[in-house]
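Coordinates in review
Here is what each chain is made of, one letter per residue.
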Amino acid sequence: MSLYDIYRPPTPRFENVNPFSIDECSYCPSFHLTTEHFPLQINEPHANSPIHDFPFDLDEFDRMFIDHDAHGMVSETCMDMHTSLILPFQGMEVDNHLSLLNLIVAYAEAMNHNQETTGLSEVIGRSIIKKVNPFGGPAERVLYYMFQHHNKKSNHNYLKEESLKNFYPAFKAFYQIFPYGKFAHFVANSAIMESLPSDAEIIHLIDFDIGEGVQWASFIEAIKHRRTEVRVTSIKFDEKDESSPFRFEDTKRRLHDHAWSYGLNMIIEEVRFQDFEIFTNNIEKGDYGRKSLYVFNCHVALPHMGRVRSKKHVFEFLRVAENFLHQVTCWGSTGKGIITYGNGDVFYDKTTTLMSYSTFLDANIAHYQALLESMEFDFPKHLGEARRALECLFVGPSVSSIVRDRKWEEIRQCGEIEFGLGLDGLELSEASVDEAKEVVKEGVSLYGVRIESGRKNEMVIEWNGISIVRVCCWKT
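Residues numbered from 1 in each chain as written. Predicted model: local features only at pLDDT ≥ 70, side-chain atom pairs only at ≥ 80, totals over all residues. Heavy atoms only, no water.

Glancing now at the overall build of the protein. Secondary structure assignment for the protein yields 18 helices and nine strands. Within the protein, contacts between residues at least 6 apart in sequence are counted, and of these 77% link residues at least 24 apart. Carbon and sulfur atoms form 49% of the exposed surface of the protein, whose accessible area is close to 19800 Å². (Helix = DSSP H or I, 4+ residues; strand = E, 2+ residues; numbered from the N terminus. Contact = heavy atoms within 4.5 Å. Areas by Shrake-Rupley, 256 points an atom, 1.4 Å probe, with all protein chains shown as cover.)

Written out as structure tokens, the structure reads:
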């Protein structure tokens, strides 16, 4: 077996099992790493691993939201709607179907002509939210999350507040049940391991958005026998609207304890985003001539993250990383550093300043409809309230009008992400592709894994032919 087993828990059995409980060995994964790169065997998940310390009861989590309408939190408008909107709006009355389609087209045209300033888009948005059902099909729920701020009677904030009270167990469930984060972390970590020289003395991991740190917990377990010094640098952002529910000091403690338990020397620090370039200018001084591998890791808008960083920040991080890797003193024939980039807004990478708002909105709806469809496939149908709570925490923020409008504005200002042109693509191995397919269980679901045509350094997980997450890797 190899690294991907870290990310592959057994199929959850929800009838008599609590998937949040660390005491249920039938759900928590057993890790067995026995390849030549990872000569270790772990029969049980490590107690200090960040992903295995959230005891919780899933049935209780589901019941928490079943009776919230009894407290007057669900609007009568929503409860009176019984249609299910699944593009092409199957099950919806023809008149309502056509009316909703016309409203969406009108909204896109208003945004195309910058008529949001006149209030026209606001009026159309209020009409759309009256016609969509938050309990409907995937496409209808996407529209609800997009326009819910227009509904003054919406119970969305109540649901989110209740969900946030149980964020950590919800995060654990989301990460373990759905393959998006595991896929992205597996591809990135595999690329790092394949690039790691046998005589490297220091591994620098510079992480754009470290979050809960679960990616590096798995990486620690993979390199425990190498006795290599590991330095982790997390980027700190000041924007309140982009703040992570995870606290750096908590992540630092968990990772440090996890590394210490495996006998690894790990140094973890935080650098403000505005000081990032200055930091890279001085990073070599602390190595004292020792051989180092520099890893710039940037994951953005992965579904389990529940947040989207500014495209401008992504641009700047990748620009500084690329410049540093060009300038750093080269040693050895195996290279000196890599960039790993994972994006959950796959359509967002391929947008340009010439894109119309109509095309942008259509891409948004198609992408997030596929995401919600895949979540329904993976989640027990009788636990719909628990799934809806996970949607509020991890999908809703990425679909909201505030984030969507910011994305649109950034597209008009910045266009497509173009980077890596001065670096060589790190070709992803066939073995990693095959193992990634096992991570997402290709063949027993509508998930698929593919290498981008003509770009062997890019791997994509898709649902029913629609890309959900893309991971790209470059090397020097």
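Considering all chains together, one arrives at 30 aromatic pairs under this definition. Ring centres of Phe-171 and Phe-246 lie 5.2 Å apart, and the angle between their planes is 75 degrees; this geometry places the pair in the edge-to-face category. Separated by 75 residues along the polypeptide, Phe-171 in helix H7 (residues 167-177) and Phe-246 in the loop between strand E2 (229-236) and helix H10 (248-261) bring together distant segments of the chain. Centre to centre, the rings of Phe-174 and Phe-394 are 4.6 Å apart; their planes meet at 40 degrees, and the pair counts as tilted. Of the two residues, Phe-174 sits in helix H7 while Phe-394 sits in helix H15 (residues 384-394), which places them 220 residues apart along the sequence. (Phe/Tyr/Trp six-rings, centres within 6.5 Å; stacked < 30°, edge-to-face > 60°.)

Time to look at the pairing of strand E4 (residues 292-300). Burial analysis of E4 places nine of its nine residues in the buried class, the great majority of the element. Bridging between E4 and strand E5 (residues 337-343) involves seven bridges; their strand directions are parallel. Opposite Tyr-294, over in E5, you have Gly-337 as the bridge partner. (Buried < 20%, exposed > 50% of the residue type's maximum accessible area, 1.4 Å probe, protein only. Pairing = 2+ DSSP bridges.)

Here helix H8 (residues 180-195) crosses helix H9 (residues 214-222) at 40 degrees, and the two axes come no closer than 10 Å. Of the possible angle classes, the one that applies to H8 and H9 is oblique. The handedness of the crossing between H8 and H9 is right-handed. The segment H8 lies against H9, with His-185, Ala-188, Asn-189, Ile-192 and Met-193 engaging Val-214, Gln-215, Trp-216, Ser-218 and Phe-219. Each residue belonging to the contact of H8 with H9 can be placed in one class, and the counts come to six nonpolar, four polar and no charged. (Axes fitted to C-alpha atoms, helices over the stretch in contact; angles between N-to-C directions. Parallel < 35°, antiparallel > 145°, perpendicular 65-115°, else oblique. Left-handed = near helix turned anticlockwise from the far one by under 90°. Nonpolar A, V, L, I, M, F, W, Y, C, P; charged D, E, K, R; others polar.)

Attention now moves to empty space enclosed by the protein. The final tally for this structure, using the stated rule, is four cavities of 30 Å³ or more. Looking at the second largest cavity, it is lined by 16 residues, and the ones nearest its centre are His-185, Asp-209, Ile-210, Glu-212 and Gln-215. When residues of the lining of the second largest cavity are traced back to their parent elements, those giving at least two are H9 and E4. When residues of the lining of the second largest cavity are assigned to their parent elements, the largest contribution, three residues, is made by H9. For the lining of the second largest cavity, the class distribution of residues is five nonpolar, seven polar and four charged. (1 Å grid on protein atoms, 1.4 Å probe; cavity = no way out; pocket = protein on both sides within 12 Å on 5 of 7 lines; lining within 4 Å. Points joined across faces, edges and corners; volume = space filled by probe spheres on them.)

This part takes up the side chain of Ser-234. Relative to the elements of secondary structure, Ser-234 occurs in strand E2. When sequence neighbours within four positions are dropped, the list of residues in contact with Ser-234 reads Asp-207, Ile-210, Phe-248, Glu-269, Glu-270 and Val-271.

With that settled, the discussion passes to the pattern of salt bridges. Tallied over the entire structure, the rule returns 20 salt bridges. Among the salt bridges present, the one from Glu-277 reaches Arg-319, with a minimum N-O distance of 3.1 Å. Placement of the pair is Glu-277 in helix H11 (residues 276-282) and Arg-319 in helix H12 (residues 311-327), with a sequence separation of 42 residues. A residue is classified by how much of its surface remains accessible, and Glu-277, at 34% relative accessible area, is partly exposed. Residue class for Arg-319 comes out partly exposed when judged on its relative accessible area of 34%. In this structure, Arg-455 and Glu-452 form a salt bridge, with 4.0 Å as the shortest nitrogen-oxygen distance. Within this structure, Arg-450, Glu-452, Arg-455, Glu-458, Glu-462 and Arg-470 form a network of salt bridges that share partners. (Salt bridge = Lys/Arg side-chain N within 4 Å of Asp/Glu carboxyl O.)

Okay, H7 next. Counting buried residues along H7, ten of its eleven residues qualify, which places the element largely inside the surrounding structure. Residues Phe-167, Pro-169, Ala-170, Phe-171, Lys-172, Ala-173, Phe-174, Tyr-175, Gln-176 and Ile-177 constitute the buried set of H7.

Turning our attention to unusual backbone geometry. One non-glycine residue with positive phi stands out, namely Lys-441, at about 60 degrees. Residue placement: Lys-441 occurs in the loop between helix H18 (430-439) and strand E7 (447-451). Even without being glycine, Asn-464 reaches a positive phi, approximately 55 degrees. Structurally, the position occupied by Asn-464 is in the loop between strand E8 (458-463) and strand E9 (466-475).

The next point concerns the pairing of strand E1 (residues 202-207). Consecutive side chains along a regular strand alternate between the two faces of the sheet. Among the six residues that make up E1, six are buried, leaving the element largely enclosed by the rest of the structure. Of the two faces of E1, both are covered, the one formed by Ile-202, His-204 and Ile-206 as well as the one formed by Ile-203, Leu-205 and Asp-207. Here six bridges tie E1 to E2, and the two strands are oriented parallel to one another. Following the sheet pairing, Ile-203 is matched in E2 by Val-230. Handedness of the crossover is the feature at issue here: the chain leaves E1, passes through H9, returns alongside E2, and the resulting connection is right-handed. (Right-handed = clockwise from strand over helix to strand, strands pointing away.)

Take the side chain of Ser-292 next. As for its placement among the helices and strands, Ser-292 is situated in strand E4. Since its relative accessible area comes to 1%, Ser-292 is described here as buried.

Moving on to helix H5 (residues 138-147). For H5, a buried count of ten out of ten residues is recorded, marking the element as mostly surrounded by other parts of the structure. For H5, the set of buried residues is Pro-138, Ala-139, Glu-140, Arg-141, Val-142, Leu-143, Tyr-144, Tyr-145, Met-146 and Phe-147.

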